[in-house]
Amino acid sequence: MRYLIVILTFILIYSCAKQGDVNQFKIGTFKTHLDDSDATSVAFRNENIQIETYDNVKDTFAIKWNSNFEYELTKLKPKTQLDSTPFIVKITGIKDNSYSFTAHYKGSNFKQKGTAIKVLDTSLEGQNE
């Protein structure tokens, strides 16, 4: 039984490492496209904050990494109950400078799928909400 756990752990580590380095996506500028939609947004992200522009509207989110492949976005100045609900993003694949993801509001069964492309390595200095 012990050997089985060790083998499964190595397989999991190998498969995650093979997918690419997820750390490259924790900081930078990203362009996000949602599947089945023409919706796109641009986000500037550092370790703690993500500022996202969608349809000429800027929103600022606290970002919390739950694991290397999952993070939560919580709007800093919510205006509705939905705005107060954490938005959970799971990275499902990595290719070069982009990652695919599924996302949903915490407690919701509705899921969105999309792709985030890293455009630049930047910090949020000078970015305002």
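Below you will find a few notes about this structure. (Residues numbered from 1 in each chain as written. Predicted model: local features only at pLDDT ≥ 70, side-chain atom pairs only at ≥ 80, totals over all residues. Heavy atoms only, no water.)

## Describing the pattern of salt bridges
Any two side chains of opposite charge can pair, on the condition that their charged atoms come close.
Here comes step 1: As enumerated under the stated definition, the model contains three salt bridges in all.
Here comes step 2: A salt bridge links Lys75 to Asp83; the shortest N-O distance between them is 3.4 Å.
Here comes step 3: Looking at Asp83, the relative accessible area reads 18%, which means it is buried.
Here comes step 4: Sharing partners across several salt bridges, the network here consists of Asp59, Lys75 and Asp83. (Salt bridge = Lys/Arg side-chain N within 4 Å of Asp/Glu carboxyl O. Buried < 20%, exposed > 50% of the residue type's maximum accessible area, 1.4 Å probe, protein only.)

## Quick word on the side chain of Lys118
Here comes step 1: Along the chain, Lys118 falls in strand β8 (residues 112-120).
Here comes step 2: Polar contacts involving the side chain of Lys118 include one to the main-chain carbonyl oxygen of Gln24, which spans 2.3 Å.
Here comes step 3: Among the polar contacts listed, one links the side chain of Lys118 to the backbone oxygen of Ile27, at a separation of 3.0 Å.
Here comes step 4: Discounting chain neighbours no more than four positions away, the residues touching Lys118 are Gln24, Phe25, Ile27, Gly28, Thr29, Phe30 and Asn97. (Helix = DSSP H or I, 4+ residues; strand = E, 2+ residues; numbered from the N terminus. Polar contact = N/O pair within 3.5 Å; in protein donor to acceptor, adjacent residues only side chain to side chain. Contact = heavy atoms within 4.5 Å.)

## Observations concerning the nonpolar core
Here comes step 1: Counting 17 residues, the largest nonpolar core has Tyr71, Ile91, Ile94 and Tyr99 as its most contacted members.
Here comes step 2: Among the elements of the structure, β4 (57-67), β5 (70-75), β6 (87-95) and β7 (98-105) are those that each provide at least two residues to this core.
Here comes step 3: Here this core gets four residues from one element, more than from any other, and that element is β6.
Here comes step 4: When near neighbours in sequence (up to four residues on either side) are disregarded, Tyr99 contacts Phe25, Phe30, Arg45, Tyr71, Ile91, Gly93, Ile94, Gly114, Thr115 and Ala116. (Core = buried A, V, L, I, M, F, W, Y, C linked by side-chain atoms within 4.5 Å.)

## Thoughts on the sheet that holds strand β3 (residues 49-54)
Here comes step 1: Judged by pairing direction, the barrel is antiparallel, and its eight strands sit side by side in the order β1-β2-β3-β4-β5-β6-β7-β8 before closing back on the first. Sheet twist, expressed as the average angle between the axes of neighbouring strands with direction ignored, equals 35 degrees.
Here comes step 2: Of the strand pairs in this sheet, strand β1 (residues 28-34) and strand β2 (residues 40-45) are connected by six bridges, and their pairing is antiparallel. Residue pairing for β2: Lys31 is matched across the bridge by Val42. (Pairing = 2+ DSSP bridges. Axes fitted to C-alpha atoms, helices over the stretch in contact; angles between N-to-C directions.)

## Describing the side chain of Ser41
Here comes step 1: Relative to the elements of secondary structure, Ser41 occurs in strand β2.
Here comes step 2: Exposure remark for Ser41: the relative accessible area of 7% places this residue in the buried category.
Here comes step 3: Within polar-contact distance, the side chain of Ser41 engages the side chain of Glu52 at 2.8 Å.

## A closer look at the layout of surface pockets
Here comes step 1: Looking at the largest pocket, its volume works out to about 630 Å³.
Here comes step 2: Taken together, 28 residues make up the lining of the largest pocket; nearest its centre are Ser41, Glu52, Phe61, Phe87 and Gln112.
Here comes step 3: Looking at the lining of the largest pocket, its residues break down into 16 nonpolar, seven polar and five charged. (1 Å grid on protein atoms, 1.4 Å probe; cavity = no way out; pocket = protein on both sides within 12 Å on 5 of 7 lines; lining within 4 Å. Points joined across faces, edges and corners; volume = space filled by probe spheres on them. Nonpolar A, V, L, I, M, F, W, Y, C, P; charged D, E, K, R; others polar.)

## Notes on the packing of aromatic side chains
Here comes step 1: Summed over all chains, the structure comprises six aromatic pairs.
Here comes step 2: Both rings, one in Trp65 and one in Tyr71, keep their centres 4.6 Å apart while their planes meet at 45 degrees; by these two values the pair is tilted.
Here comes step 3: The exposure class assigned to Tyr71 is buried, which follows from its relative accessible area of 4%.
Here comes step 4: Directly above the ring of Trp65 sits Lys26, whose terminal nitrogen or CZ lies 5.0 Å from the centroid. (Phe/Tyr/Trp six-rings, centres within 6.5 Å; stacked < 30°, edge-to-face > 60°. Lys NZ or Arg CZ within 6 Å of the ring centre and 35° of its normal.)

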